[in-house]
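Listed below, chain by chain, are the residues.
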Amino acid sequence: MISNRQLFLSYNAQTTEMPLLIEIERAEGVYMYGPNDEKYLDLISGIGVSNIGHRNREVINAINEQAEKYLHLMVYGEYVQSPQLQLANELCKMLPDTLDSVYLVNSGAEAIEGAMKLAKRVTGKYNIMACKNSYHGSTQGALSIMGNEEYKDAYRPLLPGINFIEFGNIDDIDKIDKSYAAVVIECIQGESGINLASKDYWQKLRKKCDDNCCLLILDEIQSGMGRTGKYFAFEHYDFVPDVLVLAKALGAGLPIGAFIANRKLMHTLTNNPILGHITTFGGHPLSCAAALAGIKFLKDSKLIQEIERKHQLFRSLLIHKSIKEIRGIGFMLAIQLESFEFNKKVIDECIANGVITDWFLHCSDAMRIAPPLIISDDEIRLACEVILKALDKVTINS
Ligand SMILES: Cc1ncc(COP(=O)(O)O)c(C=O)c1O
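Note that residues are indexed from 1 along each chain, following the sequence as it is written. Selection of residues for local features in this predicted model requires a pLDDT of at least 70, selection of side-chain atom pairs for listing and counting requires 80 or more, and totals for whole chains, interfaces and linings are taken over all residues. The side-chain figures draw on all heavy atoms in the structure; neither hydrogens nor water molecules are used.

Q: Can you explain the environment of isoleucine 217? Please cite residues and give values.
A: Relative to the assigned elements, isoleucine 217 resides in strand 8 (residues 215-219). A C-alpha to C-alpha distance of 9.6 Å links isoleucine 217 and isoleucine 260, two positions 43 residues apart in sequence. Runs of E in the DSSP output that reach at least two residues are strands. Runs of H or I that reach at least four are helices, and both are numbered from the N terminus.

Encoded structure:
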């Protein structure tokens, strides 16, 4: 009989020569299980998705309830569908008053595309400033603003008018002028190996955008929905973006994205021409029902209040001579090691011992620690024990 692994390699389009090839049969909470009952502690949450864990019971109930009513009815923006409007309403209640209009899409990249199109319509301009080492998705617009040339060269020509500044560098903000429609920037840079900017940086960037009629589009696709210890990471820095972009954890395990702006700005998508962004499945009823249940769970639980303490627990346990630095905030952490080769060996050893972690797209010599927010203190201790043993083993052998 052909194994699932062989089927995967034969029929699934491959994106890398070295896929992880971990086979998962079911998942629950912070754990994933293989076909032979292998048990894996998930330290990466499917890259920032499973914030409230795998198969949260209330989310499953909400999906089942919605499945009994209707699935897809019509393209986004025509019919009045309760799961969509309840989700949009809930998100607006969680956000500052100026962010009062929600466009629901399917994914992070699509939400970024929508936000970039919105900036063109609102400002009448098309230049976009993005950051070096950024990641905003893999569609051609999102790829155009990726701050890593290596992944882009094979796909040129991409969008014109894109320039890059260094994330967190206050002086670089002066490169933004009136020619720009938008700055697209992650609130916490994820795939660069977790980088943070100062409060001063965000204040200056906000002012620069205002002074130059340039929209501040904030990508919180990875940092949103509680991962940094606030519902949205921008709450740490006392500013409000013009457009907030969400996806990943928003759907509590189902696919959904959103770009959120002021109603007046969003209105530009409705005329000259109409249908400024069209999506068949955007805001799918099942995804909206899951998202709504996920937000309710997050709000009713004390998870967010616990993140800083659990973050410190990771830091206090992860002490090893091979760790050069630990960067991050909340549950967006990077353990800096000496090289990719070293990091890969440690990661392989962790996975062999039942703890799943990985590296970052633009920072292959750092290990990602981004568990579901529901991880317990004991599970953190267990994860750190496995990581430290792996570090010991690889350090001795290298
Ligand atoms: C910061 C950030 N923006 C955008 C995206 C793209 O989201 P998606 O994969 O849903 O298109 C990602 C995905 O990893 C991301 O981390």
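Q: A description of the packing of aromatic side chains should follow, citing residues and the corresponding values.
A: Each pair of aromatic rings taken from Phe, Tyr and Trp, with Trp reduced to its six-membered ring, is defined by centres within 6.5 Å and is described as stacked if the planes are under 30 degrees apart, edge-to-face if over 60, and tilted in the remaining cases. Under the counting rule described, the total for this entry stands at twelve aromatic pairs. A ring pair is formed by phenylalanine 167 and tryptophan 202, whose centres lie 6.1 Å apart and whose planes are at 70°; its orientation type is edge-to-face. With phenylalanine 167 in the loop between strand 6 (162-165) and strand 7 (180-186) and tryptophan 202 in helix 7 (residues 199-211), this residue pair connects regions lying 35 residues apart in the sequence. Buried, partly exposed and exposed residues are distinguished by accessible area as a fraction of the type maximum, computed with a 1.4 Å probe on protein chains only: under 20%, between the cut-offs, and over 50%, respectively. By relative accessible area, which is 0% here, tryptophan 202 ends up buried. Where tryptophan 202 meets tyrosine 237, the ring centres are 6.0 Å apart and the plane angle is 35°; that geometry is what we call tilted. In this pair, tryptophan 202 is assigned in helix 7 and tyrosine 237 in the loop between strand 8 and strand 9 (243-246), connecting sequence segments 35 residues apart. Comment: the charge-over-ring label is applied if NZ (Lys) or CZ (Arg) is within 6 Å of the ring centre and within 35 degrees of the ring normal. Positioned above the aromatic ring of tyrosine 33 is the side chain of arginine 26, whose terminal nitrogen or guanidinium carbon lies 4.2 Å from the ring centre. Its guanidinium or amino end placed over the ring of tyrosine 31, lysine 39 lies 4.3 Å from that ring's centre, counting from NZ or CZ.

Q: With reference to specific residues and values, describe the site of the ligand.
A: Close contacts around the ligand come from Ser107, Gly108, Ala109, Tyr135, His136, Gly137, Glu186, Asp219, Ile221, Gln222 and Lys248, and that covers them all. Identification of polar contacts relies on pairs of N or O atoms within 3.5 Å, with a donor-acceptor requirement for protein atoms, meaning one able to donate a hydrogen and the other able to accept it, and with residues adjacent in sequence counted only if both atoms are side-chain atoms. Here a nitrogen atom of the ligand and a backbone polar atom of tyrosine 135 are 3.3 Å apart. Contact distances for the ligand include 2.7 Å between a nitrogen atom and a side-chain N or O atom of aspartate 219. Here the open area of atoms and residues is found with the Shrake-Rupley method and a 1.4 Å probe, where only the protein chains shown may cover a residue. A total of 390 Å² of accessible area belongs to the ligand in isolation, and the protein chains cover 82% of it. For this description, a residue counts as near a given molecule or strand if any of its non-hydrogen atoms is within 4 Å of it.

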